[in-house]
Amino acid sequence: MLANLRSLIVGFTAGVLVTAILVQQLLISQLWDPIIETSQDPLGSSTAFPDTLLHQMASLRNPLRVAQGALLRGAYFKNVHSAQSSVQQRTRSSLLKPATSSSSTHPFSTSTSRMASSKSYLEAAKERRTIYQLNKTSPIPDSKIVEIIETAANVVPSAFNTQSTRLVTLLNKEHEVFWDQVHDVLKPIVPEDQWATTKGRLDGFKAGKGTVLFFTDPEPMDTLKKKIPAYAHHYGDWAEQSNAMHQYFLWVALEAEGLGANLQHYNPLVDQKTQQHYNIPLEWKLRAQLVFGGKAGEAGPKETLPVEKKVFVHGAE
Ligand SMILES: Cc1cc2nc3c(=O)[nH]c(=O)nc-3n(C[C@H](O)[C@H](O)[C@H](O)COP(=O)(O)O)c2cc1C
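All values reported here derive from a predicted model rather than from experimental measurement.

## What to know about the nonpolar core
Formed by 34 residues in total, the largest nonpolar core has its most connected members in Leu 250, Ala 253, Leu 254 and Ala 261. Those elements giving two or more residues to this core turn out to be α5 (142–155), β2 (165–171), α6 (173–186), β3 (210–216), α9 (232–256) and β5 (285–295). When residues of this core are assigned to their parent elements, the largest contribution, seven residues, is made by α9. Setting aside chain neighbours within four positions, we find Leu 254 in contact with Ile 148, Leu 259, Ala 261 and Phe 292. Judged by nonpolar contacts, the second largest core, of eight residues, contains Ile 228, Tyr 231, Tyr 235 and Ala 239.

Structure follows, in structure tokens:
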């Protein structure tokens, strides 16, 4: 009698749990976030949604995301390994030189062979600024610049370790060729009365030593979408986030070596010309250009919002 009652309770509880999970999955699949997809548009097509509507929809989605996250978190970690092996299988571009071993590189060190403490990282991060006045002098040789960029490619994280960021480094004459091309693309489309300002900016970039072009290769994300469709709506955002991490990593690392830099966005205007010239696969998407060189001027003034408006701490002891 007692045994029958126990199996009845166990059976009932299991039934309720299975039904709850099925309903949750159904809700998740039907309310999968279309706004995230639109916000991937580099021209910001998500602005087509009125802000208030966006916020209302976001607040509706968030509790669901939490539930969904808890449900799928296990799947993410389980899937990292299989995603990684697919990344390893598809190294294909002749442009992607094999990176040197990163074990002996210390991108945040300047004179010492190893970053002494997290304070060195913080100091470099604090000193990094947008520097527009650049020249062609560099405290470090080109080989060291390339080593830092290879290190970024190897150590900056990416979702499922997809490594979808591509870094095209242009130094010296090639850096100048790139900015001449930007000049040629912009000249016919910039209004005449604004051309002097635009040309002044372009000349300033050309005066620098090098430019890193940050691309996103969509192929790893397309592969993942097929392999692990549950996260398909996130992959575009995650690729962008990882690409931005590369940008920031390099900006700080170059600062640590005494170089100045500024971040530009002449994409998508220059994409086609650049990709054809450097034989870059046309499906890669140019996301940003980091211009760097010797510091020939100071950073401009910068306002910093009170930290209390940006940082919220709970539970510090
Ligand atoms: C995502 C992002 C995009 C940016 N785009 C540009 C840009 O297109 N042109 C530019 O001159 N600066 C650009 N900047 C530089 C910012 O204006 C600059 O980082 C910001 O004003 C803070 O100044 P700081 O870099 O000196 O700390 C960008 C920065 C970030 C993080």
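We are not done yet, so read on.
## Quick notes on the site of the ligand
Taken together, Arg 129, Thr 130, Asn 262, Leu 263, Gln 264, His 265, Ala 299 and Lys 302 are the residues near the ligand. In terms of residue class, the shell around the ligand is made up of two nonpolar, four polar and two charged.

## As for helix α8 (residues 219–227)
Buried residues of α8: Pro 220, Met 221 and Leu 224, and no others. Around the axis of α8, the buried residues are gathered within 95 degrees of arc, so they sit on the same side.

## Regarding the packing of α8 against α9
Look at α8 against α9: their axes get within 9 Å of each other, and the N-to-C directions meet at 160 degrees. By the criterion of interaxial angle, the relationship of α8 to α9 is roughly antiparallel. Relative to α9, α8 is oriented so that their crossing is right-handed. Along its contact with α8, which presents Met 221, Leu 224 and Lys 225, the element α9 presents Ala 232, Tyr 235, Gly 236 and Ala 239. Residue composition of the contact of α8 with α9, by class: five nonpolar, one polar and one charged.

## Description of the pairing of β3
Taken across its seven residues, β3 has seven buried, putting it largely inside the fold. Residues Gly 210, Val 212, Phe 214 and Thr 216 of β3 are buried on one face, and the alternating residues Thr 211, Leu 213 and Phe 215, pointing to the opposite face, are buried as well. Relative to β3, β2 runs antiparallel, the two sharing seven bridges. Within β3, the residue paired with Thr 169 across the bridge is Val 212. Sheet topology places β3 next to β5; seven bridges connect them, and they run antiparallel. Across the sheet, the residue bridging to Thr 211 is Val 291, located in β5.

## Some remarks on the packing of α6 against helix α7 (residues 192–206)
It is the contact of α6 with α7, at a shortest axis distance of 9 Å, that shows an interaxial angle of 165 degrees. In terms of their interaxial angle, α6 and α7 are classed as roughly antiparallel. Judged by the twist between their axes, the crossing of α6 over α7 is right-handed. Contact residues: α6 offers Glu 176, Trp 179, Val 182, His 183 and Leu 186, while α7 offers Thr 198, Leu 202, Phe 205 and Lys 206. Considering only residue class, the contact of α6 with α7 consists of five nonpolar, two polar and two charged.

## Observations concerning the environment of Ile 148
With respect to the secondary-structure elements, Ile 148 resides in helix α5. In this structure Ile 148 comes out as buried when scored by C-beta crowding, with 23 C-beta atoms within 10 Å. Spatially, the C-alpha atoms of Ile 148 and Leu 250 are 7.5 Å apart, while their sequence positions differ by 102 residues.

## Side note on α9
The terminal C-alpha atoms of α9, which comprises 25 residues, lie 37 Å apart, in line with the 36 Å expected from a rise of 1.5 Å per residue. Gly 258 sits one or two positions beyond α9 and adopts a positive phi of about 95 degrees.

## A few points about unusual backbone geometry
Omega for the peptide link from Asn 267 to Pro 268 comes to 0 degrees, which places this bond in the cis form. Looking at where Pro 268 falls in the secondary structure, it is placed in the loop between β4 (260–264) and α10 (271–277). Non-glycine residue Phe 160 carries a positive phi angle of around 55 degrees. Position of Phe 160 among the secondary structure elements: in the loop between α5 and β2.

What counts, and at which threshold
- Residues numbered from 1 in each chain as written.
- Predicted model: local features only at pLDDT ≥ 70, side-chain atom pairs only at ≥ 80, totals over all residues.
- Core = buried A, V, L, I, M, F, W, Y, C linked by C-beta atoms within 7 Å.
- Buried ≥ 20, exposed ≤ 12 C-beta atoms within 10 Å, placed from the backbone.
- Helix = DSSP H or I, 4+ residues; strand = E, 2+ residues; numbered from the N terminus.
- Contact = placed C-beta atoms within 7 Å.
- Near = placed C-beta within 6 Å.
- Nonpolar A, V, L, I, M, F, W, Y, C, P; charged D, E, K, R; others polar.
- Arc of directions from axis to C-beta.
- Axes fitted to C-alpha atoms, helices over the stretch in contact; angles between N-to-C directions.
- Parallel < 35°, antiparallel > 145°, perpendicular 65-115°, else oblique.
- Left-handed = near helix turned anticlockwise from the far one by under 90°.
- Pairing = 2+ DSSP bridges.
- Expected span 1.5 Å × (residues − 1).

What is shown is where atoms sit, not what they do.
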